[in-house]
Structures are given as structure tokens and as C-alpha cells.
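What follows is each chain in one-letter form.
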Amino acid sequence: MFIVKDERFFEQEEEAVIIGLYDRPLKFEGELAKLDEAMNGQLTELVKEGDISAKLNEAAVIPALGRIPAKRLIFAGLGKEKQADFHEMKEAIGTAVQRMNKLKLASAAVVLDSFVCENISANDAAQAFSEAFGLSSYKFKGYKQPSNDPEQSIERISVYTNAEAEEIKAALHVGYVLSYGTNSARTLVNMPANMLTACDMADYAKKLADTYGFEVEILEKEDMEKLGMGALLAVNKGSVERPKMITLKYQAQEEWTDVLGFVGKGITFDTGGYSIKPKDGLVGMKTDMGGAAAVLGAMEIIGELKPDQNIVAVIPSTDNMISGEAFKPDDVITSMSGKTIEVLNTDAEGRLVLADAMTYAKHHKADYLVDVATLTGGVVVALGTDKTGAITNNDTFFEEVLEASKEAGEFIWQLPLTEKDKKRIRSSKIADLNNSPGREGHAIMGGGFIGEFAEGTPWVHLDIAGTADTNKAGALGPSGATGVMARTLALLAMRRMKNEG
Ligand code: BES
Ligand code: ZN
Ligand code: ZN
């Protein structure tokens, strides 16, 4: 996809060349000044006229009209150099890439060094470019019949730079892999529930394991019965689809110790069960496996980048349906941990399947746990649709997850979990726990319930109900699934290796 070159970019035949433009008094300096000269000073004129803008997130396509061998120049406005920021730069690149993609080209080029400034090294610029390119070019294929207007997408990008080629290649790879894993997560979330059942998700995980040499284990209903996974089985009772407990293991160390555990909610469709959702609340519930998708996306990134960190990923998967056999409010179920649960609301099913998955991740010797789940509508009310809610039982571990999320550019915000909150979760008169202690602070109730199954293990809960999908298209992707937390989880694994090394 990316070919690193150290030639003079505007002397090459390229379909389109993306150039970063900082908002500085002299817009064209160094190589860009020579480009402007080759264009008879036309670029300076276009800046004066306002056809080319250096403002952050503005992009302009300028035809070269035969003055240079390249056909067109695409200027990506980067704003003030002093305020340059890695994540903002990705957005600015995404804007320019989307303009380029509209041209339906097969190849393009980028002048990497035009993005470099005091805050942004050539390696940063390379990673930002490839990540933004991958994210902003994402499109869910969908299921429309083939049209006569075949899709054309970029197959090759020449990256012009004077920086060290091997390092640039490595940075381009990291960025592209981060976008690739995120896009895979997006696709899983965008797929409707009839196309992605628990069985399909298990098959997907098996393929991932084949590609990257992960150990894979798929527990069937009979295995779950033997292990006493009463919580996952209860949610599955109303379904004709068989439940799956999917486990992937990535072993980086000789010893299976210091294991990082990822647990992802894999509800392929959530009707709410007998505590059924209103009809408007049902649409979109195919996204209730966003946590599983984040974990699978992260595992793909991990398979490519191979951190030095042992990882176990556990995904409990089923749909939450209604039938004569479905579980009901008032039922009492026994989880794999032995803890009994009074079901007050069958729509609080995520915490039930995650309860058994947390116990199972511990059974596989996870020493740290991160669960990711589209868990509650409450988190959307509390934090909106651009912030993932977090809960923890260990501030040091939370700091690590927070750092990884900052590196990924994915906003997370911690919610408190107090002893009083825990009391409410443990307030059932007839069982150890109840799955729905009332609407007050119910994002905290949901997360806190899952925490009961972490027991002493350091744990962070990430509620992505607001962030797993979006109704707004942006510079880094269309509306629909966001693939949120795939990068945070993967970078957490990469960082741990750095911190310890
Ligand atoms: N899957 C939903 C949460 C959800 C809501 C995800 C909106 C994405 C968008 C979850 O299983 C659920 O129904 N939660 C209930 C919990 C309540 C019954 C305690 C909720 O948030 O209303
Ligand atoms: Zn639900
Ligand atoms: Zn749900």
C-alpha cells in the first residue's frame, strides 16, 4: 500500500499529491517554495484569493494544469504550527483524504515532510497519515446488488520524505494496522444480527486465530452447562441460536503469567427479553456486540504488531430473545462463580453474560481485566455520545488504560463506584446480587455488577453504549459503527510492554 520515496515529489507523475499546509506567514517554504515556483507563483495567488486555506480541517483540490507532471495537488489545512496535535492532524488528513477519495483514483502520493513541525516528528506524521487514511476511507459494503458504477479505491500511496525510510515504513505500518483493526470492528458492528450470529462470531474468531496463530477455544452449550455458566445460559434460553463462549489466547511470554484479559459483550441482538424494549429502542440493537467487536479488532492489531504481553480475550455471545423458554423477571440464576443473581430486568442481560465471561477469563489466569460493553443507556445520558464511561476497582490499572486511550485518541471518563453503590447491587432479599437495582445511576449499577466478578483482580470497565456507533459522518469515518476501543485495548497491550521493559 505505501511506498517510501526520497525523490522530489513534484517532478513525478502522480494522480494526486496530498500536501500539509501550516498557517504560517510564509505558506510556501523549502520544497513547497520550489513547487510554487514551478507553478509560476500560482499557489501563493490561490492562498491570497482564499482558494487554498491553511485553516485546520480545510482541504482544497488544485489541478496542476500541466505545469508539473503531477495531475493535482490536495492541500490539507493544518492550522497553527505551535498548536499542532497528533489527533487533530489525523482529522485534518482525514478531511483531505475524503476529498481525494471522491476523485476515485487508483493511486496517490503524500509529501510527508510538509506535516512535520516541532510537535510532530516524521514518524508521527507517517503514523497519523496511514491511520487517518485507513479510517477515513472506510466504507461498509452492505448488501446492495452490484451497480454498474464499480468502486475504485486507492491501491498504492507514494510517501515522499527525506526521513529514514525504514523508520517511516514501520510507523506507516503501525498506523495502518490500527485503522485496519478498527475497521474490522466497525464491520462486525455494522452487520445485522441475521448475518452475524454467535456462531458466525465464533467462526470469525477461529479465522483470526488461524491467521495470527492464536490459541482458540469455543465453548458450546453443553460445555457451559458442565462449567455452570448459568448466567450466559439464562440469557440464551429464549433463543434458537446456540450460545458461544469464545476464547482467544495470545502467548508472548514463555510462562503464562502476567496475563491481560479482555472481555467483550457479544449480544448479537438485544430485544430486552420479557422486559422488552419499546419499538424505537429495538432498532440499532444489532450493535450490542460492540464490546466483542472492539476485543476482536484489538486482537487483530495485536496479531500484527505482536506486543510482548500475554493476552486472553473472552467473548460471551448470544442474542437476547423471547420465547416460551426465555428467562423471566423474578428468576434466580446461578453464575459460574457460584454467586446467585435475582433477575429483575431481562434487558440488563449484558452484565449477566459478562459475569460468566469475567469468571472464565480468571479461570484462564487473567491477572488484569478490561471489559468492554454497550452496557447501559444511562452512560449516554451521563456522558453523551463521544465519551466512553469507565469504572474501576484499581486506580493504578485505570491510569494505564487512560494513558492508552489518550494515545488512541479515544476519550474515556471515570464514574465513581462507592461502597453504597455496591450495597445496592447486593440488595436482593433472595440472592447474592440483583441485576437491576433501579434507574438511579444505572451506568454505575451495571459496571459495578460486573466488578463483583472481578473479585480482587485489577479491573476496568468500559461502557461504550454511547460511543460504539454514531449518526454523524466525520473526517475519520462514516456514520454507523466507530470501532471504538479496539485501538485503546491494543495500545494498552503495547504500552504494558514498554512500561515493564
Ligand atoms: N444493550 C442495552 C444498552 C444500550 C442502550 C446499548 C442504548 C446501546 C444503546 C442494555 O442491554 C440495556 O438494555 N440496558 C438497560 C439496563 C436497564 C434495564 C437496567 C438500559 O440501559 O436501559
Ligand atoms: Zn438489554
Ligand atoms: Zn444489551
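Residues numbered from 1 in each chain as written. Chains lettered and ligands numbered in written order. Predicted model: local features only at pLDDT ≥ 70, side-chain atom pairs only at ≥ 80, totals over all residues. Heavy atoms only, no water.

## Quick look at the domain arrangement of the protein chain
How we decide: Here the limits of each domain have been adopted from an automatic or database domain assignment. The criterion used for residue contact is that any of the two residues' heavy atoms lie within 4.5 Å. Buried area is understood as the total, over both parts, of accessible area removed when two parts are fitted together, assessed with a 1.4 Å probe. The working definition used for a salt bridge is a side-chain nitrogen of Lys or Arg within 4 Å of a carboxyl oxygen of Asp or Glu.
We note that the domain assignment places domain 1 (2-137) and domain 2 (192-500) within the protein chain. Distance between the C-alpha centres of domain 1 and domain 2: 41 Å. Domain 1 puts 10 residues into the contact, and the matching count from domain 2 is nine residues. Overall, the association of domain 1 and domain 2 removes approximately 720 Å² of surface from exposure, summing both partners, and the carbon and sulfur fraction of that is 54%. There are one salt bridge connecting domain 1 and domain 2.

## What to know about the coordination of the zinc ion (ligand 2)
The following threshold applies: In this listing, donors mean N, O and S atoms no farther than 2.8 Å from the metal, or 3.2 Å for Na, K and Ca; water is missing from the atoms, so a site can look incomplete. Tetrahedral means four donors with every angle between 85 and 135 degrees, whereas square planar (four donors) and octahedral (six donors) require angles over 155 degrees between opposite donors and between 65 and 115 for all others; sites fitting neither are termed irregular. Burial status follows relative accessibility: with a 1.4 Å probe on protein chains alone, a residue under 20% of its type maximum counts as buried, one over 50% as exposed, and anything between as partly exposed.
Binding of the zinc ion (ligand 2) to the protein goes through D270 (OD), D347 (O), D347 (OD) and E349 (OE), at separations of 2.0 to 2.2 Å. In this structure, the zinc ion (ligand 2) is coordinated by six donor atoms arranged in irregular fashion, with angles at the metal of 73 to 170 degrees. Along the chain, the residues donating to the zinc ion (ligand 2) are arranged with the sequence spacing D-x76-D-x1-E. Between the zinc ion (ligand 2) and the zinc ion (ligand 3), a spacing of 3.2 Å is present, and a bridge between the two is formed by D270. Overall, the relative accessible area of 21% leaves D347 in the partly exposed class.

## Here's the deal with the site of ligand 1
In plain terms, the rule: Note on definitions. A residue lies near a molecule or strand when any single heavy atom of the residue is within 4 Å of it. Polar contacts, as counted here, are pairs of nitrogen or oxygen atoms within 3.5 Å of one another; within protein the pair requires one atom able to donate a hydrogen and one able to accept it, and residues that are adjacent in sequence qualify only if both atoms are side-chain atoms. What sets the accessible areas is the Shrake-Rupley method with a 1.4 Å probe; for residues, cover comes only from the shown protein chains. Here the nonpolar group is Ala, Val, Leu, Ile, Met, Phe, Trp, Tyr, Cys and Pro; Asp, Glu, Lys and Arg are the charged ones; every other residue, Gly included, is treated as polar.
Around ligand 1, the structure places 16 residues, and the nearest of them are D270, K277, D288, D347 and G377. The contact in question runs from an oxygen atom of ligand 1 to an N or O atom on the side chain of K277, over 2.8 Å. Here an oxygen atom of ligand 1 and a backbone polar atom of G377 are 2.5 Å apart. With the chains in place, 85% of the 520 Å² that ligand 1 exposes on its own is no longer accessible. Residues that form the shell around ligand 1 fall into these classes: three nonpolar, six polar and seven charged.

## Things to note about the UniProt feature "binding site: Mn(2+) 1" (unreviewed entry) in the protein chain
Note the cut-off: UniProt positions are given in the numbering used here, feature names are shortened, and annotations may be inferred rather than shown by experiment.
The residues that UniProt annotates with the feature "binding site: Mn(2+) 1" (unreviewed entry) are D270, D347 and E349. Spanning 80 residues, the annotated positions come together in the fold, the maximum distance between their C-alpha atoms being 8.3 Å. D270 gets classed as buried once you look at its relative accessible area, which sits at 3%. With near-sequence residues (within four places) excluded, D270 lies in contact with K277, L282, M285, D288, N320, D347 and E349.

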